[in-house]
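Analysis of the macromolecular model
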Amino acid sequence: MEKMRILAIDDNTVNLATLEQELKSKYEVIPMISGRRAIKYLYREQVDLILLDVEMPIMDGIETLKEIRAQENGVTVPVIFLTAKKDKATVIDGAKLGIMDCITKPFDPEDLHERIERVFKRLGVLPMEEEELYQRVIGILKDMKEGRIKQAIVKTDEVLNYQIDEELSGRIRNVLGKLKQENMESAVEMMERVVDYLDKRLNTGKKENALPIAESEISVRILYAVDDLENFKRKEAIGKLKDLQRYDIGSYVYHVTEEVVSLLEDYDEVKAEEMLQTLLADLKNAPSGELSKMGMSDDAKKAQGYHSTINK
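Keep in mind that this is a model prediction, so the values were computed, not measured.

The next subject is the overall build of the protein chain. Summing up its helical and strand segments, the protein chain has 14 helices and five strands in all. The burial tally for the protein chain puts 46% of its 312 residues in the buried class. Pairs at least 24 apart in sequence give 61% of the contacts found in the protein chain among residues at least 6 apart. About 16400 Å² of surface is accessible on the protein chain, with carbon and sulfur atoms providing 48% of the total.

What follows is the structure in structure tokens.
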């Protein structure tokens, strides 16, 4: 498969070299030292994405993007701003010109890859993994149950722009139709079925490949993650929880840790720690050997923000 082409525009040669080094394994990177050179390049070549530095001399990122949008090869190309100072005015100006994201420098390499993949998934260039779709669907279901209908419609519409399984897209499109008709009961019921469907598909694959682990070890590993959070080590906690998910930990523990990882990725460490503490209490009270059959406690449901339909 031919690599997708990314045009990287930055007046700093070190920054360009760093971008090329970080991305070359997955993408073909075309480095440009100025906006003017990039514009000339786009007159004759097409690219799949542009990484554009905002603070550049002579022609800054905003001016460069205006000229890019004025030519045939730049009208619809997705753009991610790179900026050392992420101010509101820059984001607003960029949004008017159709940027897809804004990354603050110095960037984390892992975060850079995730942001780029997110853009390609939104455009339908890359398929959305079922894990990510599962989390998005749960978020929409939560909005629906808490009465945030407009947000649920926007998020559902966004999910349908991704490259997803036809069976799922059909079901989610039906949910969107019911939401627009304000038929909330049917919309919630349909989305719960989507959650169940995804849950079964995800768990089938996980159980086949899951490693064995002692029940006591699960609690210990979660305690280590809590300790990381108490010491402001968010990334370390995420790493420990993701590593735990490789083991046969039961659907309840898996889904709670999945939600916690999602919260931590959004920097909501307070709610994440609250959910882990609730999980530890549930694990402590679970009868020996019953972990895989364990359902959510009322406290866990409250902490997670929606009533699970997974462990019926």
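Once you've had a look at it, read on.
The next subject is the sheet that holds strand E1 (residues 5-9). The five strands lie next to each other as E2-E1-E3-E4-E5, forming an open sheet whose pairing is parallel. In this open sheet, the two strands that pair with only one neighbour each are strand E2 (28-32) and strand E5 (101-104). For this sheet the average axis-to-axis angle between neighbouring strands, irrespective of direction, equals 20°. With four bridges connecting them, E1 and strand E3 (residues 49-53) associate as parallel partners.

Take the pattern of salt bridges next. Under the defined criterion, the tally for this structure stands at 23 salt bridges. Here Arg115 ties to Asp101 by a salt bridge, and the two come within 3.0 Å at their closest N and O atoms. You can see Arg115 sitting in helix H5 (residues 109-122) and its partner Asp101 sitting in strand E5, a full 14 residues away along the chain. By the burial criterion, Arg115 is buried, and Asp101 matches it. A salt bridge links Lys235 to Asp108, with the shortest nitrogen-to-oxygen separation between them at 3.1 Å.

Our focus in this paragraph is unusual backbone geometry. The step from Lys105 to Pro106 runs through a cis peptide bond, and the omega angle for that step is -5°. When you line up the elements, Pro106 lands in the loop between E5 and H5. The phi angle at Ile58 is positive, at roughly 65°, despite the residue not being glycine. Structurally, the position occupied by Ile58 is in the loop between E3 and helix H3 (61-69). A positive phi angle, near 65°, is found at Tyr267, a position not held by glycine. Within the secondary structure, Tyr267 sits in the loop between helix H12 (251-265) and helix H13 (269-285).

Before going further, it helps to spend a moment on the packing of helix H6 (residues 130-145) against helix H7 (residues 149-159). Packing of H6 against H7 brings their axes to within 8 Å, and their N-to-C directions diverge by 160°. If you check the angle between H6 and H7, you find them roughly antiparallel. Seen from above, H6 lies across H7 with left-handed handedness. Packed against H6, whose contacting residues are Leu133, Arg136, Ile140, Asp143 and Met144, the element H7 presents Ile149, Gln151, Ala152, Lys155, Thr156, Glu158 and Val159 at the interface. Looking at side-chain class alone, the contact of H6 with H7 contains six nonpolar, two polar and four charged residues.

What follows deals with helix H10 (residues 215-230). With 16 residues, H10 should reach 22 Å at 1.5 Å per residue; the first-to-last C-alpha distance of 23 Å fits that figure. Considered for burial, the residues of H10 that qualify are Ile218, Ser219, Ile222, Ala225, Val226, Asp228 and Leu229. Summarising the contacts, the buried residues of H10 are in contact with helix H11 (234-244), H12 and H13. The positive-phi residue at the C-terminal boundary of H10 is Phe232, with phi of around 60°.

Take H5 next. The end-to-end C-alpha separation of H5 is 20 Å, in line with the 20 Å expected for 14 residues at 1.5 Å each. Along H5, the residues that are buried comprise Leu112, His113, Arg115, Ile116, Glu117, Val119, Phe120 and Lys121. Phi turns positive one or two residues past the end of H5, at Gly124, with a value near 80°.

Definitions and limits used
Residues numbered from 1 in each chain as written. Predicted model: local features only at pLDDT ≥ 70, side-chain atom pairs only at ≥ 80, totals over all residues. Heavy atoms only, no water. Helix = DSSP H or I, 4+ residues; strand = E, 2+ residues; numbered from the N terminus. Buried < 20%, exposed > 50% of the residue type's maximum accessible area, 1.4 Å probe, protein only. Contact = heavy atoms within 4.5 Å. Areas by Shrake-Rupley, 256 points an atom, 1.4 Å probe, with all protein chains shown as cover. Pairing = 2+ DSSP bridges. Axes fitted to C-alpha atoms, helices over the stretch in contact; angles between N-to-C directions. Salt bridge = Lys/Arg side-chain N within 4 Å of Asp/Glu carboxyl O. Parallel < 35°, antiparallel > 145°, perpendicular 65-115°, else oblique. Left-handed = near helix turned anticlockwise from the far one by under 90°. Nonpolar A, V, L, I, M, F, W, Y, C, P; charged D, E, K, R; others polar. Expected span 1.5 Å × (residues − 1).

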